[in-house]
Amino acid sequence: METSGKCAVCDAECKLKCTACKCVSYCGIEHQKKDWKTHKLECRPLEIAHSDELGRYVRASRDIKAKSVIFTEAPLIAGPKWCMDDYERQEPIFPCVGCFRPVRIGDLGCPKCNWPICSPTCEGLENPQFHGLECAVLRTARPIQDKSNIKSLLDHYRSEALLTLRCVLLQLKYPQKWKQLLELESHEEDRKGTKYFEEAEQRIVSYLKANYLDKINAESLKTEGRNLIPNCESKDLHRLCGIMEVNALNVNLPTGVEICALYPTACLLEHSCMPNCFYTFDFTKHYKITMIAGRDIKKGENLSIMYTHMLWGTQMRHEHLMTNKYFVCKCPRCADPTELGTYISALKCIGPEEEIACGGTLLPKDPHDDDTEWFCDKCPVRIANNQVKFLLSNIEEEVDALMFERETTVKQLEDLIEKLKQFLHPNHFHIFSLKHSLIQRYGTQIGYSSAELSEEMLKRKIDMCNELLSIVDVIDPYAIRLSLYTGIILYELQLATVEYEKRKITAAKENNEPYDYEELYNAEGYLRRAKCVLENNVDIPQGKKFIEAVVRSSENLETLFEQIKL
Ligand SMILES: C[S@@+](CC[C@H](N)C(=O)[O-])C[C@H]1O[C@@H](n2cnc3c(N)ncnc32)[C@H](O)[C@@H]1O
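What you see as residue numbers is a count from 1 along each chain, following the sequence as written. Whole-chain, interface and lining totals are the exception, using all residues; otherwise, since this is a predicted model, local features are given only for residues with pLDDT of at least 70 and side-chain atom pairs are given and counted only at 80 or more.

### Here we look at the UniProt feature "domain: SET" (unreviewed entry) in the protein
Those places that UniProt annotates as "domain: SET" (unreviewed entry) correspond, in this numbering, to residues 44-308. A run of H or I in DSSP becomes a helix once it reaches four residues, and a run of E becomes a strand once it reaches two; helices and strands are each numbered from the N terminus. Secondary structure across residues 44-308 divides into 32% helix and 20% strand, with the first and last C-alpha atoms of the span separated by 26 Å. UniProt positions are given in the numbering used here, feature names are shortened, and annotations may be inferred rather than shown by experiment.

### Remarks on the pairing of strand S17 (residues 361-364)
For a regular strand, side-chain orientation follows a simple rule: the groups alternate between the two sheet faces. Strands qualify as paired when DSSP identifies two bridges or more between them. For strand S16 (residues 347-348) and S17, the ladder comprises two bridges, and the chain directions are antiparallel. What sits directly across from Leu 347, in S17, is Leu 362. In terms of strand pairing, S17 meets strand S18 (residues 373-376) through three bridges, oriented antiparallel. Paired with Pro 364 across the two strands is Trp 374, which belongs to S18.

### Describing the sheet that holds strand S11 (residues 258-262)
Taken in spatial order, the three strands line up as S7-S11-S10 in an open sheet, and their pairing is antiparallel. Each edge of the open sheet is held by one strand with a lone partner, namely strand S7 (77-80) and strand S10 (249-252). Along the sheet, successive strands turn relative to each other by an average axial angle of 30 degrees, direction set aside. Here S7 runs beside S11; their pairing, made up of four bridges, is antiparallel. Here an angle of 0 to 180 degrees is reported between the N-to-C directions of two axes, which are lines fitted to C-alpha atoms, with helices fitted over the stretch in contact.

### Description of the UniProt feature "domain: MYND-type" (unreviewed entry) in the protein
The feature "domain: MYND-type" (unreviewed entry), as annotated in UniProt, sits at residues 7-43 in this numbering. In residues 7-43, the share of helix is 30% and the share of strand is 19%. The end C-alpha atoms are 15 Å apart.

### A closer look at the domain arrangement of the protein
Each assigned domain of the protein is listed with its residue range as follows: domain 1 (1-43), domain 2 (77-261), domain 3 (333-438) and domain 4 (442-565). Note that the domain bounds were set by an automatic or database domain assignment. Distance between the C-alpha centres of domain 1 and domain 2: 40 Å.

### Overview of the site of the ligand
Around the ligand, the structure places 18 residues, and the nearest of them are Gly 55, Arg 56, Glu 185, Glu 270 and Phe 327. Those elements that provide at least two residues to the shell around the ligand are strand S5 (55-60), helix H9 (234-247) and strand S12 (270-271). Ranked by the residues each element gives to the shell around the ligand, the list is headed by S5, at three residues. Residue polarity is assigned by list, with Asp, Glu, Lys and Arg as charged and Ala, Val, Leu, Ile, Met, Phe, Trp, Tyr, Cys and Pro as nonpolar; anything else, Gly included, falls into the polar class. Of the residues contributing to the shell around the ligand, the split by class is nine nonpolar, four polar and five charged. Only the C-beta atom matters for nearness: placed from the backbone, it must lie within 6 Å of the molecule or strand for the residue to count as near.

### A few points about the environment of Ser 25
Structurally, Ser 25 can be placed in strand S3 (residues 25-26). Note: C-alpha distance between Ser 25 and Ile 243 (218 residues apart in sequence) is 30 Å. Apart from the residues within four sequence positions on either side, Ser 25 is in contact with Gly 5, Lys 6, Cys 7, Ala 8, Cys 14, Leu 16 and Lys 17. For the purpose of contact definition, each residue receives a C-beta atom placed from its backbone, and two residues are in contact when these atoms lie within 7 Å.

### Some thoughts on H9
Between the first and last C-alpha of H9 there are 20 Å, a value that for 14 residues agrees with the 20 Å anticipated at 1.5 Å per step. Exposure classification rests on a simple neighbour count of other C-beta atoms within 10 Å of a residue's own: a residue reaching 20 or more is buried, one at 12 or fewer is exposed, and one in between is partly exposed. C-beta atoms are placed from the backbone. Counting buried residues along H9, 10 of its 14 residues qualify, which places the element largely inside the surrounding structure. Along its buried surface, H9 packs onto helix H5 (162-173), helix H6 (175-183), helix H7 (188-191), helix H8 (195-224), S11 and helix H10 (314-325). Given a helix with a known number of residues, its expected span is that number minus one, times 1.5 Å.

Below, the structure is given as structure tokens:
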């Protein structure tokens, strides 16, 4: 492909580009060879393109093999979570301004600005990409009067405003990063008047201006005749909030703290409900992101990640993408009322008359339309979307209440599943999450240990695992996004299968009958697959825990095989 540019070696106008990444130009083969040692470190199998529908997007510039690293990059900026719920704002735990380690607000403060820190020797305090620059701004605020009042402390030290401040300050020391940041999509016009805009106004924009930025600039205007920090009018700060809303990736640290980061290339990947890439973060190297191919990707294919939750139904995903990212996803799953035959959003029809259930399934006519009708595939029943929404919001409350309980019991989960089956398709995402919890309790909860489970219960667990597997295999066939969920299902399926088979082995021995190994070989296969899909989760505590459990189960199964063969 030929496009004009300047030679990376001699700066001459030229038309040849590196054929692999198409990002760097050369005047000829000689200079390309000369530059290869440097360029190969950043030569990436991608190119950035533009369309009216997507804005900028990224596509593969050559075939990419599954599981290969597509690129690694450092963030433009990282900071504490910028968009919080009310309950999060009341938490007295604060991410250290230097390194995000969780600390108690009011305990220890930065020696210069007094914002919460983990230790006066924390490395991030001097680092301009973390607290180094902002410290000079934060110390200009009036000191807090009542340090014993947690509420005033939380209002004075607003961690949610720091990322916006860090973005603004980028221009002072990192002009190239600032330029890249401003090139990111902000949907600033679409945001105006939304509740997110209003919230950002109250919690971030007016707070930063009133307490820090306006004062600093008024002072510098007086003494130096210029704004010390340019581009920090309300509209500029709102644009930055828009950039964060549309692009920021959440980074869940092993400490449980959630932070947000913006990346120059990773933030350009488009959304798909069936993405072909996934990413991991390096917590030791300042939150570098690594983008990995989730499956084989063909040259010319767009690279995609998932911006929303894969286990939500289309209407919830649609609402999230519309209100936070301002677009309608047109992927095959979103366009199909059955969601690729999984029926993950489907309801049960109660029939035209209350007493006679028709056994049919209710589906939305147009999953994207807020006024859509839901129709039954067996009888003439039609339901308005508002009614469905009302039913689902009540169900969601009930499911959440149970899931957030400290010790949810098997009985509670079984009862709620039975109750919800009257209204929801058995594959519905609410039932999916309850069943996913339940399979992990069969075999572990007091009174339900493996040995205590009846044959019928073991069978039920096996069936449930297979049902869940059949859903994830359709919506995430390469376990790109649901790898942990899938790994857990496979692990639990194997546990129940082995326990069931052990009993069959004992019975076969007692009756002097031959034993058929098939199911045990299947269990071996579940473990192999679990190991493979969990690979992506080595860096997260829950993933690590399950990988270790899978390894232990493999050893146990090997021992069992040896014992039977004796
Ligand atoms: C994280 S940004 C991606 C980069 C962006 N296209 C740009 O030009 O900077 C997200 C925005 O890209 C667009 N986008 C991403 N995926 C899309 C999709 N599947 N369909 C339509 N627009 C999409 C939307 O405007 C969305 O708000």
